[in-house]
Amino acid sequence: MRTEIDSFSGNRIYPGRGKLYVRGDSKVFRFISSKSASLFLQRKNPRRIAWTVLYRRMHKKGVTEEVSKKRTRRTVKHQRAIVGASLEVIKEKRSIRPEARKAARSESIALAKEKKRAEDAKKKAEKAKLAAAGKTTAAAKFSKQQMKGAAPKVAAHSR
């Protein structure tokens, strides 16, 4: 015995039951009752009609077998080396006492500051040297446009 499935509700249709509806594009729809045919022709969504198989499947109704609870996996923590530092170096740095770490940090900060001061002093000396050289030649300042040969700007006059 061959059973069909209702196109709207999803229920079984046994031989000699239901209606057959053929749409203009030759697609065949089978309905068990005028109720499901009517709702289909009204373009109702079977997922929103509570008695349809699609609704029950979507809302997990009538599931008989008990689904076993999913086991959650515990995350296992690993220590990995970072680019530029091996695992031994990282562990060694972790084991250093806070006082020693603070002293090393302040020392490195002081070195960095000293280096910056030396760089700034060097720049200042270079700037002073250039300024002294510029005064002796008495070169007039020109804008880029004047260097290219443009006429100088006309001074504004008040009446």
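Preceding this section is the structure that the text describes.
One structure accompanies this document, and this report is about it.

## With respect to the overall build of the protein chain
- On a plain count of helices and strands, the protein chain comes out with five helices and four strands.
- Against the globule reference of 15 Å for 159 residues, the protein chain gives a C-alpha radius of gyration of 44 Å, more extended than a compact globule.
- On the principal axes, the C-alpha backbone points of the protein chain span a range of 115 × 75 × 30 Å.
- Put simply, of all contacts in the protein chain between residues at least 6 apart along the chain, 26% involve residues at least 24 apart.
- Here the protein chain displays about 15700 Å² of accessible surface, and carbon together with sulfur accounts for 54% of that area.

## A short note on the pairing of strand 3 (residues 19–22)
- Alignment of strand 3 against strand 4 (residues 28–31), held across four bridges, turns out to be antiparallel. When the bridges of strand 4 are listed, Val 22 appears paired with Val 28.
- In textbook terms, the turn of a hairpin is the stretch between consecutive antiparallel strands, and for strand 3 and strand 4 this stretch comprises five residues, one of which, Ser 26, has a positive phi near 70°.

## Some words on the nonpolar core
- Ranked by size, the top nonpolar core spans six residues in total: Phe 8, Phe 29, Phe 31, Ala 37, Leu 39 and Ile 49.
- For this core, the elements supplying multiple residues, two or more each, are strand 4 and helix 1 (34–41).

## Re the pattern of salt bridges
- Taken as a whole and judged by the stated rule, the model has four salt bridges.
- Residue Arg 2 pairs with Glu 4 through a salt bridge whose shortest N-O separation is 3.9 Å.
- With a relative accessible area of 22%, Glu 4 lands in the partly exposed category.
- Between Arg 23 and Asp 25 there is a salt bridge, with the nearest N and O atoms lying 3.2 Å from each other.
- On the accessibility criterion, Arg 23 (36% relative accessible area) is partly exposed.
- Each of Arg 2, Glu 4 and Arg 30 takes part in salt bridges that share partners, so that together they form one network.

## Some points on unusual backbone geometry
- The phi angle at Ser 26 is positive, at roughly 70°, despite the residue not being glycine.
- Looking at the element boundaries, Ser 26 is found in the loop between strand 3 and strand 4.
- A relative accessible area of 56% means that Ser 26 is categorised as exposed.

Parameters at a glance
- For every chain, the first residue of its written sequence is number 1, and the numbers climb from 1 along that sequence.
- Residue-level local features of this predicted model are given only where pLDDT is at least 70; pairs of side-chain atoms are given and counted only at 80 or more, and the full residue set underlies all totals for whole chains, interfaces and linings.
- Side-chain metrics in this entry use all non-hydrogen atoms of the structure; hydrogen atoms and water are not considered.
- A run of DSSP states H or I qualifies as a helix once it reaches four residues; a run of E qualifies as a strand once it reaches two. Both are numbered from the N-terminal end.
- We take the radius of gyration over the C-alpha atoms and set the globule estimate at 2.2 Å times the residue count to the 0.38 power.
- The contact rule is simple, with two residues in contact once any of their heavy atoms fall within 4.5 Å.
- Exposure was quantified through the Shrake-Rupley algorithm and a 1.4 Å probe, taking into account, for residues, occlusion by the shown protein chains and nothing else.
- One bridge is not enough; two strands pair if DSSP finds at least two bridges between them.
- We call a set of buried residues a nonpolar core when its members are Ala, Val, Leu, Ile, Met, Phe, Trp, Tyr or Cys and they connect through side-chain atoms within 4.5 Å of each other.
- Note on exposure labels: buried denotes an accessible area under 20% of the residue type's maximum, exposed denotes more than 50%, and partly exposed covers the range between, all computed with a 1.4 Å probe on protein chains only.
- Salt bridges are defined as contacts in which a side-chain nitrogen from Lys or Arg sits within 4 Å of a carboxyl oxygen from Asp or Glu.

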